[in-house]
Amino acid sequence: MYLLGLDVGTTGCKSVIFSPDGNIVSSAYGEYKLYHRKPGWSELNPEEVWNTTRETIRRSINEGKIDSKQIVALSTSVLGDAFIPVDEAGTPLYWSMTTVDARAAEQTQWWEENFGPNRMYRITGQPLTSSMPIYPLPKIQWLREHEHDVYRKTAMFLCWEDYVNMKLCGKPVVDFSVASRTMMFDIVKKEWSREILETAELTENLLPETRPAGTVIGQLTSNAAKETGLSERTFVVTGGHDQACGALGAGIVESGPAMDATGTVECIGVILKTLSLTGQARMQGFAVHHYVIEGKYFLFGFNPTSGVVLRWFRDNFAEKEREEARKRGIDVYDLLTSMAAESPLGAKELFLLPYFEGSGTPTFNRKARGVFLGLTLAHTKNEVLRAMLEGLSYELRTNIEAIERQGTRITEIRAIGGGARSDFWSQLKADITGKPLVVPNVTEAAALGAAILAGVGAELYRSAEEAVKRVYKERSRFSPRSENVKRYERYYGVYKKIYEPLIKIFEEINELAE
């Protein structure tokens, strides 16, 4: 028997087939285009995404030479914040606006002024600010004001999880974690917020049914089975938001361990010891969701430019290193991190403030900019690279400290994503944060989290906790080295002082750009 974890992301999807003990049997990946039709717009074409998704599922089955009847259940991990208006037949009426689509800034400001950020946070757990117009709620309002025909024809607004579920089994059902990302879901009552819908002049029948993650909602339709190569016997199970699924795939089922997912963006997530929706957490930009385990809540922060900072360096300053990596048949990022390792601790007193696209939590300032501080003629590429990795790791520590001030103690860091492949960076994070860092033995954590939920729904596991005991394994562990922890304490003390004096300067720089 097998379980399928489907991971539908912003630029591509993965279909990964697992055995019940968490081993990958087969996988496939497909890409689709992210469109930017106007400045500030970011969209996906739903038909392209679905066509890629169904072909990716088919390839994962064929390449694994698997009898599709052996795939007992599937579940989906999806990008948050994006949504699709569909008609009564379930046909998309408009492209899907993604997280970074910024067209609804004016509508987000309307919610700030007419509903209030504190009130919104107490209901939804989502920080409302016009500097981050990311949520479906104000974007639906934008559609009503600017695309009258689309809005008039819309029978339902779906997130990507419920859209995929509808395509697979005919039922548009969303789990609580993805519903949390709409800014319309009451995370305490676990239902669509009447208060918010009344203010928005929306009726609940425009939104999908909500169920806990790991709930069976149906079996494949005959048409979906033909399109994907799956069996009509396969159960379709509610999945979750990709960050929550990634945390589950990293074995996080209780408060204590923190997920550190380092890719283009870095996300830091924990299960809360107790549900807390404070004004301080809201102002720092921390979102609180219902987790993919019933009755538990998940808080996560983020750094919008993490791995992408290394990509920026690679593309602009590492032509020689790219060519050397090509000749040696190695990943250029392995070469760059090995260069960073040749620099002394502290990068000869060079610091990076990694706010290339504004800052995430806990400073939460869209106007912030990236800063190198302390450059001298003694600095080489090695020091610049080490300063970049150290700056990103200092930023991780600021998030850990902010989370712990909210009352949730972090016992260890569990690293997933591309950044977890680097032993040097993993050890650096342990030394700078003072926390043990564990790299789980899983390369596709979000897909594994979805597969665990599929197994819970199909009753292969009694619970997510029991599943994790079976599938979670450590690949490597990095303990903080006391001498380095002591030395980094001084550097971190300097790092914390860099941002505050620059706030007004950042504002002036942004005024110059307007």
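Report on the accompanying structure. Note that the coordinates shown come from a computational prediction; the quantities given were computed from them, not determined experimentally.

So, about the packing of helix H12 (residues 307-317) against helix H14 (residues 332-341). Running from amino to carboxyl end, H12 crosses H14 at an angle of 95 degrees, the nearest separation of the two axes being 11 Å. Taken together, the axes of H12 and H14 lie roughly perpendicular to each other. Seen from H12, the contacting residues are Leu310, Arg311, Phe313 and Arg314; seen from H14, they are Val332, Tyr333 and Leu336. Considering only residue class, the contact of H12 with H14 consists of 5 nonpolar, no polar and 2 charged.

So, about the nonpolar core. Counting residues in each nonpolar core, the largest one holds 137 residues, and the members touching the most others are Val8, Leu137, Trp160, Met184, Leu202, Leu248 and Tyr291. Ranked by residue count, the leading element in this core is helix H17 (residues 445-457), at 8 residues. Among residues more than four places away in sequence, those in contact with leucine 248 are Val253, Tyr291, Val292, Ile293, Gly449, Ile452, Leu453, Ala464 and Val468. Of all hydrophobic cores here, the second largest spans 37 residues; its members include Leu336, Ala340, Ala347 and Leu385.

Time to look at unusual backbone geometry. A negative phi angle is the norm for most residues apart from glycine, just as the trans form is the norm for most peptide bonds. The omega angle of the peptide bond from threonine 361 to proline 362 is -5 degrees, so this bond is cis rather than trans. You can see proline 362 is positioned in the loop between strand E19 (351-353) and strand E20 (371-373). Positive phi outside glycine occurs at methionine 183, with the angle close to 65 degrees. If you trace the backbone, methionine 183 turns up in the loop between helix H7 (176-180) and strand E10 (185-186).

On to the pattern of salt bridges. Charged atoms that come close allow side chains of opposite charge to pair. Within the structure shown, the criterion is met by 27 salt bridges. Across the pair glutamate 444 and lysine 14 runs a salt bridge whose closest N-O atoms are separated by 3.1 Å. Placement of the pair is glutamate 444 in the loop between strand E22 (437-440) and H17 and lysine 14 in strand E2 (residues 12-18), with a sequence separation of 430 residues. The residue glutamate 323 makes a salt bridge to arginine 326 at a minimum N-O spacing of 2.5 Å. Within this pair, glutamate 323 and its partner arginine 326 are both found in helix H13 (residues 319-328), separated by 3 residues, close to a single helical turn. Taken together, the shared-partner salt bridges in this structure form one network comprising Arg37, Glu43, Asp101 and Arg103.

Turning next to the sheet that holds strand E3 (residues 24-31). As a general point, the strands of a sheet are linked pairwise by backbone hydrogen bonds and lie either parallel or antiparallel. Taken together, 6 strands build an open sheet; the order of strands is E3-E2-E1-E5-E14-E13 and the sheet is mixed. Edge positions in the open sheet fall to E3 and strand E13 (216-219), since each of these has one partner strand only. Direction aside, the axes of adjacent strands within the sheet are offset by 20 degrees on average. By the bridge criterion, 3 bridges tie E13 to strand E14 (residues 235-241) in an arrangement that is antiparallel. Bridged to valine 216 within E14 is valine 237. In this fold H17 packs onto strand E1 (2-8), E2, strand E5 (71-78), E13 and E14, with an angle of close to 135 degrees to the strand it touches most, E1.

It is worth spelling out the packing of helix H15 (residues 381-405) against helix H19 (residues 482-498) at this point. At a minimum axis distance of 11 Å, the contact between H15 and H19 shows a crossing angle of 80 degrees. In terms of axis orientation, H15 runs roughly perpendicular to H19. Here H15 contributes Arg386, Glu390, Gly391, Tyr394, Glu395, Arg397, Thr398 and Glu401 to the contact with H19, which in turn contributes Tyr488, Glu489, Tyr491, Tyr492 and Tyr495. Classifying every residue of the contact of H15 with H19 gives 5 nonpolar, 2 polar and 6 charged.

So, about the side chain of arginine 282. Tracing the backbone through its elements, the reader meets arginine 282 in helix H11 (residues 279-283). Here arginine 282 occupies a buried position and makes no salt bridge, while the nearest side chain of opposite charge, glutamate 112, is found at 6.4 Å. Once you skip the residues sitting within four places of it in the chain, arginine 282 turns out to touch Pro117, Asn118, Tyr121, Pro127 and Leu128.

Summarising burial for strand E21 (residues 412-416): 5 of the 5 residues are buried, a large majority. Burial along E21 is two-sided: Glu412, Arg414 and Ile416 facing one way and Ile413 and Ala415 facing the other are all buried. One ladder, built from 5 bridges, connects strand E15 (residues 257-262) with E21; its direction is parallel. Bridge pairing in E21 links alanine 258 to isoleucine 413.

Here the structure, examined in full by the defined rule, presents 24 aromatic pairs. Judged by centre distance (6.3 Å) and plane angle (35 degrees), the rings of phenylalanine 298 and phenylalanine 300 are tilted. Phenylalanine 300 matches phenylalanine 298 in its accessibility class, with the two residues each being buried. One aromatic cluster in this structure is built from Phe351, Tyr394, Tyr488, Tyr491, Tyr492 and Tyr495. Seen from the ring of tyrosine 94, arginine 37 lies directly overhead, with NZ or CZ sitting 5.7 Å from the centre. Taking the ring centre of tryptophan 142 as reference, the NZ or CZ of arginine 103 above it sits at 4.7 Å.

This next bit is on H19. Taking 1.5 Å of rise per residue, 17 residues should cover 24 Å, and H19 covers 25 Å from first to last C-alpha, within 8% of that figure. Of all bends in H19, the biggest is about 25 degrees, found at glutamate 489. Within H19 the residues assigned to the buried category are Asn484, Tyr488, Tyr491, Tyr492, Tyr495 and Ile498. Looking at the buried positions of H19, the neighbouring elements they touch are E19, E20, H15 and helix H16 (423-433).

Criteria and thresholds
Residues numbered from 1 in each chain as written. Predicted model: local features only at pLDDT ≥ 70, side-chain atom pairs only at ≥ 80, totals over all residues. Heavy atoms only, no water. Axes fitted to C-alpha atoms, helices over the stretch in contact; angles between N-to-C directions. Helix = DSSP H or I, 4+ residues; strand = E, 2+ residues; numbered from the N terminus. Parallel < 35°, antiparallel > 145°, perpendicular 65-115°, else oblique. Contact = heavy atoms within 4.5 Å. Nonpolar A, V, L, I, M, F, W, Y, C, P; charged D, E, K, R; others polar. Core = buried A, V, L, I, M, F, W, Y, C linked by side-chain atoms within 4.5 Å. Buried < 20%, exposed > 50% of the residue type's maximum accessible area, 1.4 Å probe, protein only. Salt bridge = Lys/Arg side-chain N within 4 Å of Asp/Glu carboxyl O. Pairing = 2+ DSSP bridges. Lys, Arg positive; Asp, Glu negative; His and termini not counted. Phe/Tyr/Trp six-rings, centres within 6.5 Å; stacked < 30°, edge-to-face > 60°. Lys NZ or Arg CZ within 6 Å of the ring centre and 35° of its normal. Expected span 1.5 Å × (residues − 1). Bend = angle between axes of the 7 residues up to and from the residue.

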